[in-house]
Each structure stands twice: as C-alpha cells, then as structure tokens.
Amino acid sequence: MTHALLHPFSLPAMAEEDFVDIVRGEGSLVFDADGKDYVDGMANLWLCQVGHGRAEIVDAVTTQMHQIEAYNTFAPFTNGPAARVAEMIVERSPHPDGRTFLGCSGSEAVDTALKLARLLQQRRGTEGRQVVIKRTNGYHGTNFGGTSAQGIAPNREGWGDLVPHFLEVPHDDLEAVASIFADHGERIAAVLTEPVQGAGGVFPPVDGYLQGLRRLCDDNGALLIFDEVICGFGRTGEWFGAQTFDVAPDMITFAKGVTSGYLPLSGVIVSRSLCEELEEPGFLLRTGYTYSGHQASCAAGIANLQIMTDEGLDRRANHVGEKLREGLSALQADGLIESWRGMGAVYAAELGRDSIPVRNDILEGGVIVRPIGTCLAICPPLVITDEEVGRIIDTMASALR
Ligand SMILES: Cc1ncc(COP(=O)(O)O)c(C=O)c1O
C-alpha cells in the first residue's frame, strides 16, 4: 500500500497497512477490505444518525449533481437546496425565526461563530469585548479559533501562538464562570460550550449548569454559543441539546449529524435578534466559504433530515440510550468497568486505565468504540437495533474479561 496519506489525529510513523480499511457500510455495520463486519459503535465519528448505505440520500445527491454539483452563494448568487436545508434546520431548532450560515466542517462552524460573536459585540460599540470563556474538556475543532477554544490541553500545544482572549474554566464549575464575569464582565464577548461535552470524554452538564450560563450571559451582555456538532440532530433525544436542556443559546454550531456524513455540511444557527443586528441596511458580512451552501451537500442534508423526521430518529436516542444504559450498568455490576456516564445516545465507559489496548481487543471482536484517555466512548447510529447494542456490550465484556 502507498504511504502518501497523512492521517488526522494519528501517529505519522504508523504504516498505512496497519490502518483498518473500511470499504462498505450498511445500517449500523461497516465492513473492512477483508469482508469482516464491525458494529459501528461510534456512528463513524459521532455522526451517522441514519446509518450507512441509505439509498435515499445517495439518490438525492445524484439527482442534484446531474443538475449542478455546486455553485457558490456569495452575493448575488443563491440556490434552492441551500435555502431549503437552512429552513429545515431552523424549523427544528429553538430559533425557528432565526437564520443559518453554512460551511463544511464543525471547525469552520466554530470559527465562524467565534467571529460572529466578536463582530456583533464590536458593532454594538463594545470594542473591549473580545474574551471568550471556554471549558476544560471542551473540543471545538482544529482551526485556529477552535484550537484556541480547546479545553483539551494537548490539542492546543505545539502550534505556536494561538488566538488571544480565551479564558478557561473547570468544566463543571459555574461559580468559576460567575467569578470571571465579576472580574471581567465588560470584556466578555461570549461563552462557548458543548451541551454534553463529547470528544473530551463525554460529560453531561451538572444540574442547572447550562441555565446558569444563560443567566450569567444575560446579566452581563455576553452571547451564549452552544457547540452542537455532536449533540445536534437527535443525539440527546431532541433535535438539539438546547431543547433537551431547555436553554436557548444565541448561536448554535452544527455539522456531522446534519447529513449523517454522506457529504460534508456544517453551519451556525443565529437567533432572530442577532440576525436583526446583522440585517442593518448596507452592512456587508465579510466571512464565508467557497463551499457555503454547496448544492450536493445541501441535498444530502435535506434527504437526511427528511429520513430522520419520517422515522422519528430525532427522539430515538431515548430508546437507544435505555438499552446502552442497561448494558453499561451490567458491565459495572460485573466489575468490568469502574463507571459510566452519558445521556441520550452518547456514553463513556470509565475503565480507570489506558483504554487503547481494550479498544484494540474490542475492534478485533468486531465492534468499534473510541478510546479517550481512560474511557471508551460509544455513540452509535440512531437506527441501531437492540441486538446490535447487545453485540457492543457482549464484545466489550469479553474484551474486558
Ligand atoms: C463539539 C465539536 N465541535 C467541533 C468539532 C469539529 O468538527 P470537524 O472535525 O468537522 O471540523 C467537533 C468534532 O468532533 C466537535 O465534536
């Protein structure tokens, strides 16, 4: 095999032939080049809500590409699929009268939301407001804004100077946020948080935490940004984590589940009141991407959201979660894991030791989970069957034994 591919978040010294070559997918299963099947306990990488191999999405994309593959949406251009997917997204969000900015990756969405937060504060005449509060364990992508916003320290290191004006708080400590507001309230542009922290190890918020952030932002003129790149599109049992936790942020970043990964699509949902600030006649929004509103990606998003709606997948995380919690509780009762945490259809099993060797055994057994430090993350497609959840738990049990 050639050695030309430089893999993300991987050891560059690792040989290409030592990677698992995934060639096919069907529902919650994926198959490697040798034909071995795996239960995809990570829904690709926290994202494949509708499962693999959905012909409806392939057909929608193909039909779109036969018409036109892509044309930019910089003024004066627009296109129907971009306008339609934006409408479907806001209709399902806590801001049905808001608007959606589009990009391709979660990292693009996060960097755009950070720019919008600073822009809006500057336009209000509060030029000093550039500080963004972020949390330990937070993962916000790998562009410079998102790297600077990371609460996972090793991901911030080695890149030279990052974007200034980020202040980090311990992830579950609302008092720490309150004291930063007390000390620097006039300088704070926004608070950035995942509703449930994902890639940092799956940490649901402590009771009242997100409500507390909302209150502190309101009291101090700061914007609240929910990074829902993992939580969005049914992962927590509603369309968005904002709805599950009943807290309306000013902006929501999304990616991943919006297309279930069939093509790259991401964006930022902006509340109506912020849109009104941007809609001032003559104001030009000087940010965006060549592929903002890419027709084929938007067609994938429309088809994916339609499937999720038709099949009730926005709520199916509640059922999947019940099955996973039963299984994880059994593993804990048998002393095979120390504990588990999570909600909806996203969990972590805490092993209390390096989880990579255990992940390797589980992979050998035909199940994909993700090692994060001392825990194993599980975040399956929302279409996963009870039997497949059983296979995840049984394979974990054998490997742990
Ligand atoms: C919460 C969150 N934000 C941002 C990102 C970055 O998304 P992407 O990898 O598509 O750039 C991720 C990716 O896992 C994420 O989980």
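Up top you'll find the structure we're talking about.
The notes below deal with the structure included here. None of the values given here were measured: they were computed from a predicted structure.

## Some thoughts on the overall build of the protein chain
(1) Moving on: Helix and strand counts for the protein chain come out as 14 helices and 15 strands.
(2) Moving on: In terms of overall dimensions, the protein chain is globule-like: its C-alpha atoms have a radius of gyration of 21 Å, near the 21 Å expected for 401 residues.
(3) Moving on: Taking the principal axes of the C-alpha coordinates as reference, the protein chain spans close to 60 × 55 × 40 Å.
(4) Moving on: A total of 401 residues make up the protein chain; the buried ones form 53% of that total.
(5) Moving on: Taking contacts inside the protein chain between residues at least 6 apart in sequence as the whole, the part at least 24 apart equals 71%.
(6) Moving on: Where the 31 positive side-chain charges of the protein chain centre and where its 54 negative ones centre are 3 Å apart.

## Overview of the nonpolar core
(1) Moving on: Core analysis: the biggest nonpolar cluster contains 90 residues, and W46, I89, F181, F233, L328 and M396 have the highest contact counts within it.
(2) Moving on: When residues of this core are sorted by domain, at least three fall in each of domain 1 (16–53 + 312–400) and domain 2 (57–310).
(3) Moving on: Ignoring sequence-local partners within four residues, the contact set of W46 consists of G198, A199, V202, I230, K256, V346, R370, I372, A377 and C379.
(4) Moving on: Listed in part, the 22 residues of the second largest apolar core include F101, A109, F166 and L274.

## Let's talk about the site of the ligand
(1) Moving on: Near the ligand the following residues occur: S105, G106, S107, Y139, H140, G141, E194, D227, V229, I230 and K256.
(2) Moving on: Contact distances for the ligand include 2.7 Å between a nitrogen atom and a side-chain N or O atom of D227.
(3) Moving on: Its residues assigned to classes, the shell around the ligand comprises three nonpolar, five polar and three charged.

## As for helix α14 (residues 386–400)
(1) Moving on: The terminal C-alpha atoms of α14, which comprises 15 residues, lie 21 Å apart, in line with the 21 Å expected from a rise of 1.5 Å per residue.
(2) Moving on: Every buried residue of α14 is listed here: E388, V389, I392, I393, T395, M396, A397, A399 and L400.

## Quick word on the packing of aromatic side chains
(1) Moving on: Under the counting rule described, the total for this entry stands at seven aromatic pairs.
(2) Moving on: Through a chain of ring-to-ring contacts, three or more aromatic side chains come together here, namely F233, W239, F240 and F254.
(3) Moving on: Sitting over the face of the ring of F31, R24 holds its NZ or CZ atom 4.0 Å from the ring centroid.
(4) Moving on: Looking at R123, its charged tip hangs above the ring of F283, at a distance of 3.9 Å from the centre.

## Looking at the state of the cysteines
(1) Moving on: For the structure on display, the rule yields zero disulfides.
(2) Moving on: You can see C48 has no disulfide; the closest cysteine sulfur is in C379, sitting 11 Å from it.
(3) Moving on: Exposure remark for C48: the relative accessible area of 1% places this residue in the buried category.
(4) Moving on: No disulfide involves C231; its sulfur sits 9.0 Å from the nearest other cysteine sulfur, which is in C379.

## Quick notes on the pattern of salt bridges
(1) Moving on: Using the criterion set out here, one finds 18 salt bridges in the structure.
(2) Moving on: Between E87 and R84 there is a salt bridge, with the nearest N and O atoms lying 2.6 Å from each other. You can see E87 and its partner R84 sitting in helix α3 (residues 80–92), three residues apart, about one turn around the helix.
(3) Moving on: A salt bridge links R272 to E276, with the shortest nitrogen-to-oxygen separation between them at 3.4 Å. Taken together, the positions of R272 and E276, both in helix α10 (residues 272–278) and four residues apart, correspond to about one turn of that helix.
(4) Moving on: Classification of R272 by relative accessible area gives partly exposed; the value is 22%.
(5) Moving on: Salt bridges linked by common partners bring R99, R272, E276 and E279 together as one network.

## Some details on the sheet that holds strand β5 (residues 131–135)
(1) Moving on: Pairing in this open sheet of seven strands is mixed, and the strands run β4-β10-β9-β8-β7-β5-β6 from one edge to the other. If you trace the sheet from one side to the other, it starts and ends with β4 (99–103) and β6 (166–169), each paired once. Shown here is a sheet whose adjacent strand axes are inclined to one another by a mean of 20 degrees, direction ignored.
(2) Moving on: Here strand β7 (residues 188–193) runs beside strand β8 (residues 223–227); their pairing, made up of four bridges, is parallel. Residue pairing in the sheet places L192 in a bridge with I225 of β8.
(3) Moving on: Where α3 meets the sheet, its contacts fall on β4, β9 (251–254) and β10 (266–270), and the angle it forms with β4 comes to roughly 125 degrees.
(4) Moving on: Lying over the sheet, helix α4 (residues 106–123) contacts β4, β5, β6, β7, β8, β9 and β10, oriented at roughly 30 degrees with respect to β10.

Cut-offs used in this document
Residues numbered from 1 in each chain as written. Predicted model: local features only at pLDDT ≥ 70, side-chain atom pairs only at ≥ 80, totals over all residues. Heavy atoms only, no water. Helix = DSSP H or I, 4+ residues; strand = E, 2+ residues; numbered from the N terminus. Rg over C-alpha atoms; globule rule 2.2 N^0.38 Å. Buried < 20%, exposed > 50% of the residue type's maximum accessible area, 1.4 Å probe, protein only. Contact = heavy atoms within 4.5 Å. Lys, Arg positive; Asp, Glu negative; His and termini not counted. Charge placed at Lys NZ, Arg CZ, Asp CG, Glu CD. Core = buried A, V, L, I, M, F, W, Y, C linked by side-chain atoms within 4.5 Å. Domains from an automatic or database assignment. Near = heavy atom within 4 Å. Polar contact = N/O pair within 3.5 Å; in protein donor to acceptor, adjacent residues only side chain to side chain. Nonpolar A, V, L, I, M, F, W, Y, C, P; charged D, E, K, R; others polar. Expected span 1.5 Å × (residues − 1). Phe/Tyr/Trp six-rings, centres within 6.5 Å; stacked < 30°, edge-to-face > 60°. Lys NZ or Arg CZ within 6 Å of the ring centre and 35° of its normal. Disulfide = S-S within 2.5 Å. Salt bridge = Lys/Arg side-chain N within 4 Å of Asp/Glu carboxyl O. Pairing = 2+ DSSP bridges. Axes fitted to C-alpha atoms, helices over the stretch in contact; angles between N-to-C directions.

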